[in-house]
Amino acid sequence: MGIGTTIRDFRKQRGLTLHELSEQLGISSSFLSAVERETKKPSVAMVRRLSNVLNISPTYLFGIGTEKVYGEKIQFIRRGRSLSIEELSELSGIPTEKIKAYESGTEEPDLETLDRLAEALSVTVRYFLEKSADTFSVGTRVRHEREKQGLTGVLLADKAGISSAMVSQIENDQAEPSLDTLENIAQALGVSICYFLLEQEDVENLLSSLNSEVLSLLGDPRVQAVLRAVRDLEAGDLKFILNYIQFFRRNRSLLDH
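Definitions and limits used
Residues numbered from 1 in each chain as written. Predicted model: local features only at pLDDT ≥ 70, side-chain atom pairs only at ≥ 80, totals over all residues. Heavy atoms only, no water. Helix = DSSP H or I, 4+ residues; strand = E, 2+ residues; numbered from the N terminus. Buried < 20%, exposed > 50% of the residue type's maximum accessible area, 1.4 Å probe, protein only. Contact = heavy atoms within 4.5 Å. Core = buried A, V, L, I, M, F, W, Y, C linked by side-chain atoms within 4.5 Å. Salt bridge = Lys/Arg side-chain N within 4 Å of Asp/Glu carboxyl O. Arc of directions from axis to C-beta. pLDDT = per-residue confidence, 0-100. Axes fitted to C-alpha atoms, helices over the stretch in contact; angles between N-to-C directions. Parallel < 35°, antiparallel > 145°, perpendicular 65-115°, else oblique. Nonpolar A, V, L, I, M, F, W, Y, C, P; charged D, E, K, R; others polar. Patch = residues over 30% accessible without salt bridge, like charges linked within 9 Å, V, L, I, M, F, W, Y side chains within 5 Å. Areas by Shrake-Rupley, 256 points an atom, 1.4 Å probe, with all protein chains shown as cover.

What about the overall build of the protein?
Then step 1. Of regular secondary structure, the protein possesses 20 helices and zero strands.
Then step 2. Across the 257 residues that make up the protein, the buried fraction comes to 37%.
Then step 3. Across the protein, the fraction of contacts at a sequence separation of at least 24, relative to all contacts at a separation of at least 6, is 58%.

What follows is the structure, given as structure tokens:
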């Protein structure tokens, strides 16, 4: 399926006419029609506007690197919300058998169903359409943020106090930056270091997956103190803590006794 067909399908699914979408994009209806019929190609700027207006990832529009892992994501966010399949069914109006089939991977939801699930789970449909987390490396995120801010590699290196060669190596995944270096890069780009370290690129979707009790705990000064302490840990210390958390989760019932 080409980009034009994808744009047309999303436009119709959003209930937009050619005229309505073209007005939002600032282009003529005839040009948009030509793009949908794939007799003309959209510009990069138009693709970005389409991504914002239709609330989908540019990579999904091009069909590059997208992975259909709807089942895993539906199950992840449902459990994070402490919802049973029956409760999600009631909220979304989708039969329980269908949700079970989606989560098991035996069926794939269409765009209308994804919209209903996204609304019921209080996430954007983009959550289901983005690439899976492990496809985003630290280097990819550094380059993405640098380019988004219109910085050259040399300028970023100067602001971060590192060499331009190091920036290039990091962005091409040829070097793993230390936490200090990554913190300098984060400060130079004006973002949190967590942006580069979290397993999920979209922080809003990550936070929305937390249940209300866990979310409220993030405001606890003791929890924040722990989060701040992480930046000072050595890699081995952090791995030990992560391994202990996994052990605790697997053996919680035994530890309670």
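And the narrative resumes.
Notes on the nonpolar core
Then step 1. Residues Leu-21 and Phe-128 are the most contacted members of the largest nonpolar core, which totals 31 residues.
Then step 2. Of all elements in the fold, only α1 (3-13), α2 (18-25), α3 (29-36), α4 (44-54), α6 (70-80), α7 (85-92), α8 (96-104) and α9 (111-121) reach the threshold of two or more residues within this core.
Then step 3. In terms of residue count, α9 provides more of this core than any other element does, six residues in total.
Then step 4. Within the second largest apolar cluster, 15 residues are counted, among which are Val-142, Val-167, Ala-186 and Leu-189.

Thoughts on the pattern of salt bridges
Then step 1. Enumeration over the complete set of coordinates arrives at seven salt bridges.
Then step 2. Here Arg-8 and Asp-9 are joined by a salt bridge, their closest N and O atoms 3.5 Å apart.
Then step 3. The exposure class of Arg-8 is partly exposed, given its relative accessible area of 29%.
Then step 4. Salt-bridge contacts for Glu-171 lead to Arg-146; the nearest nitrogen and oxygen are separated by 2.6 Å. Remark: Arg-146 occurs in helix α11 (residues 138-148) and Glu-171 occurs in helix α13 (residues 164-171); sequence separation between them is 25 residues.
Then step 5. Residues participating in the shared-partner salt-bridge network are Arg-143, Arg-146 and Glu-171.

What to know about the environment of Leu-156
Then step 1. Residue position: Leu-156 is located in helix α12 (residues 153-160).
Then step 2. Overall, the relative accessible area of 0% leaves Leu-156 in the buried class.
Then step 3. Between the alpha carbons of Leu-156 and Leu-189 there is a distance of 7.7 Å; along the sequence they are 33 residues apart.
Then step 4. Residues in contact with Leu-156, not counting those within four places in the same chain, are Val-142, Arg-146, Val-167, Glu-171, Ile-185, Ala-188 and Leu-189.

Side note on the environment of Met-46
Then step 1. Mapped onto the elements, Met-46 comes out in helix α4.
Then step 2. Overall, Met-46 belongs to the buried group, its relative accessible area being 1%.
Then step 3. Spatially, the C-alpha atom of Met-46 lies 7.2 Å from that of Leu-25, the residues being 21 residues apart in sequence.
Then step 4. For Met-46, the contacting residues outside a window of four places in its chain are Leu-25, Ile-27, Phe-31, Leu-32 and Val-35.

Comments concerning α12
Then step 1. When α12 is considered as a whole, its buried residues turn out to be Leu-156, Ala-157 and Ala-160. The arc that holds every buried residue of α12, seen down its axis, measures 100°, which confines them to one face. Turned more than 90 degrees off the buried face of α12, the exposed positions are Val-154 and Asp-158.

Focus: the confidence of the model for the protein
Then step 1. Confidence along the protein averages 77 in pLDDT terms, with 74% of residues attaining 70 or more.
Then step 2. The spread of mean pLDDT over the elements of the protein runs between helix α16 (residues 203-208), the lowest at 52, and α12, the highest at 94.

Side note on the packing of α2 against α3
Then step 1. Close contact between α2 and α3 brings their axes to 9 Å; oriented N to C, the two are set at 105°. Relative to α3, the element α2 lies roughly perpendicular. Judged by residue contacts, Leu-18, His-19, Leu-21, Ser-22 and Leu-25 of α2 engage Ser-29, Leu-32, Ser-33 and Glu-36 from α3.
Then step 2. Taken together, the residues that form the contact of α2 with α3 break down as four nonpolar, four polar and one charged.

A short note on unusual backbone geometry
Then step 1. In this structure, Glu-38 is a non-glycine residue whose phi angle is positive, near 65°.
Then step 2. Along the chain, Glu-38 turns up in the loop between α3 and α4.
Then step 3. Under the relative-accessibility criterion, Glu-38 is labelled partly exposed at 40%.

What about a nonpolar patch on the surface?
Then step 1. A contiguous nonpolar surface patch, about 510 Å² in accessible area, is contributed by Phe-240, Ile-241, Leu-242, Tyr-244 and Ile-245.
Then step 2. Its place among the elements puts Phe-240 in helix α19 (residues 235-250).

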